[in-house]
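Coordinate inspection notes
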Amino acid sequence: MDIGVVLDASSPAGTTRDATALARLAEKRGLDLVVIAGNEAAGQPAGLDVWTAAAWLAGATSRIGIGVAVAAPSSPDPTDPEAPYPSVVTKAQGSLDIMAEGRIISDPAGWVVAPRDAKPEELATLAGAGLPVVVPVDSSEDIERLAALVAGPDGGSAARRRPAAARARRLPTIDYDGLPASLAETAIEPGDPGYRAVSATYLRGGAPGVVLRPRTPAEASDAVEFARRHRHLPLGIRSAGHGISGRSTNQGGLVIDVSAMNTIEVLDPDRRLVRIGPGATWKQIAAALTPYGWALGSGDYGGVGVGGLATAAGIGLLSRSHGLTIDHLRSVDLVLADGRQVRASRDDNPELFWAVRGAGANFGIATSFEFEVDEVGEVGWAQLVLLSTDIEESLRRYGEFASTAPRDTTVFLVTGQPRQGVSSIQLYAVVDSPDPDTVVERLTPFLELGTLTRQHVVMTPYSGVMSNAADIGPDGHQGFGEPHSRSAFLPALTADFARDAAAMLRSGAVYFFELRAMGGAIADPPPDEASFTHRAPAFQLTAMAGNNQRLNAVWEPLRPHFDGLYLSFETDLNPKRLLDAFPAPVLERLRDLKRRYDPDNLFRDNFNIDPKLTTPTAKEAIA
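Residues numbered from 1 in each chain as written. Predicted model: local features only at pLDDT ≥ 70, side-chain atom pairs only at ≥ 80, totals over all residues. Heavy atoms only, no water.

The tally for this structure, following the rule as stated, stands at 40 salt bridges. Put simply, Glu 189 and Arg 170 hold a salt bridge, and the shortest N to O gap is 2.8 Å. Here Arg 170 lies in the loop between α6 (164-167) and α7 (181-184) and Glu 189 lies in the loop between α7 and α8 (195-199), a separation of 19 residues in the sequence. A residue is classified by how much of its surface remains accessible, and Arg 170, at 22% relative accessible area, is partly exposed. The salt bridge partner of Glu 441 is Arg 442, with a shortest N-O separation of 3.9 Å. (Salt bridge = Lys/Arg side-chain N within 4 Å of Asp/Glu carboxyl O. Helix = DSSP H or I, 4+ residues; strand = E, 2+ residues; numbered from the N terminus. Buried < 20%, exposed > 50% of the residue type's maximum accessible area, 1.4 Å probe, protein only.)

Quick look at the sheet that holds strand β7 (residues 210-212) now. Taken in spatial order, the three strands line up as β7-β9-β8 in an open sheet, and their pairing is parallel. Only two strands of the sheet have a single partner each, and these edge strands are β7 and β8 (235-238). Within the sheet, the average angular offset between the axes of one strand and its neighbour, ignoring direction, is 20°. In this structure, β7 lies alongside strand β9 (residues 254-257), joined through three bridges in parallel fashion. Paired with Val 210 across the bridge in β9 is Leu 254. Its contacts with the sheet put helix α9 (residues 217-228) on β7, β8 and β9, and the angle it makes with β9 is roughly 170°. (Pairing = 2+ DSSP bridges. Axes fitted to C-alpha atoms, helices over the stretch in contact; angles between N-to-C directions. Contact = heavy atoms within 4.5 Å.)

All right, on to the confidence of the model for the chain then. Put simply, the chain has an average pLDDT of 91, and 91% of its residues get 70 or more. Across residues 40-46 the pLDDT falls below 50, and counting only partners more than four positions away or on other chains, this stretch makes five contacts in the model. Confidence drops under a pLDDT of 50 for residues 153-160, and excluding neighbours within four residues, the segment shows eight contacts in the predicted structure. (pLDDT = per-residue confidence, 0-100.)

To continue, consider the packing of helix α14 (residues 391-404) against helix α17 (residues 495-506). Close contact between α14 and α17 brings their axes to 8 Å; oriented N to C, the two are set at 135°. In terms of orientation, α14 and α17 fall into the oblique class. As α14 runs across α17, the sense of the crossing is right-handed. Each of Ile 391, Glu 392, Leu 395 and Arg 396 in α14 lies in contact with α17, whose residues at this interface are Ala 495, Ala 498, Arg 499, Ala 501, Ala 502, Leu 505 and Arg 506. Across the contact of α14 with α17, the residue classes tally to seven nonpolar, no polar and four charged. (Parallel < 35°, antiparallel > 145°, perpendicular 65-115°, else oblique. Left-handed = near helix turned anticlockwise from the far one by under 90°. Nonpolar A, V, L, I, M, F, W, Y, C, P; charged D, E, K, R; others polar.)

Here's what the structure looks like:
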């Protein structure tokens, strides 16, 4: 059983020195929990404030759990300057979590209080509820008596379970004790150290009930089996956590995090065939391929994981020259919804291979990819900042220059709300040429978009382009709230679109607006090559906002210009968006495959292709 102590912060003995000494002794003797109790009924405590005491003891100890016996306040009297407000209490709890991550229990229901003079058999009975039993103490002698119970009759250490503070945060909807043995060691629960580092993604906050971290395909199968037993919970699949939708985290559900499966291996130098794990980032891949004179086109940011991008499409800064990421995919190893491990390629499970290249999130967990990469030497990498007083004209001219540029040139445009009539335009460009003069020639027309205020143009391997990503440290991603993003494909950037987009930007509803130039090698494969069929558009665009209703209001007037969308940058979960991403015949083909490979719809939390539905026609969807 787990035994702890109660220190009364409201008593005269509840001084910093005495409380610290007793807490340290309890930790040294192997006890599990120190509960700080105050006398709320008596008004202002005579000793330490419970929050001050908890913070002090958290800093003075390193392992033992800290319990704060204060119920969350509600509806405080605004005339009472001493009344605790919920927001302040929540902030105090968060601060304690940062100081002593995984050691704080803030819910008084997380322990059972025993009488001061409770006998061992009484403590054992109280422990039957599965919660730590805490006993009020005043002296070191009290703690030594309890420590003797923990040590057992032979004086040895009793078998240890997860700390009481961690178990107190477990959710009743999850069978934590039923975790597969292969995953138990690396799984992270809400009360564990390191939980804050895995709870959020790049843009979205979350609080999953458990994060499973398989290291092998077999462990990924075990994770899927555990998820099948928890079909009532949300399920997120995460490679690096950079997805715009943020669906690789959730509230109270499961996350299967494959970031540890991040190996990069050259299989055949002559064919330039490489095997890459789903948790590798494009920054790591570019660095690994550069010594060979190779590159694999990705997006525009090196911190993105392979798993999400390589099962969607991969529209990046090498795409006009070398095609989409999925165009280089030769096979993918998957764990299916029933736990089976399969390979999909043109020869093995070709229908599944077709589906994964565009709609992979619906069909399984990718555990490795085999790509045929390109020979790519030094490229011109440019980051330009221009100021424009006429964003409508700048957008129109950008569309003209970017769509007619030679296919060795890919230029992305980023802007936002004009300030006092002036728009800041950022251009990110790669010219796939080792010749500096060619790079300058390709970029020069774009200087007409505004007044150049900053420029950074270098010759570099592709790894120099992908190095724009900061390494994610032990604190992980720190996203919060919900991202709001819209995505679309443009057949052409017309003057009418430039006018309407400029109006949207001037509204102030959108803080981020990006245009990615397509065409070139993207359009070379036939549309039915993969489930991603949008080969013809000239541009892909993304808009992000802080308010979803305002975003909808300014986005809807632009819809007549669009022809489809790219799911990687979309957060609208309206089922109609699936028909934007996949034309009706493609969507119905995907539904048929979903019925075959995931009939119970386990993989459903990222733009779900529900196998139980029928696909409406485009006309029905609009209606």
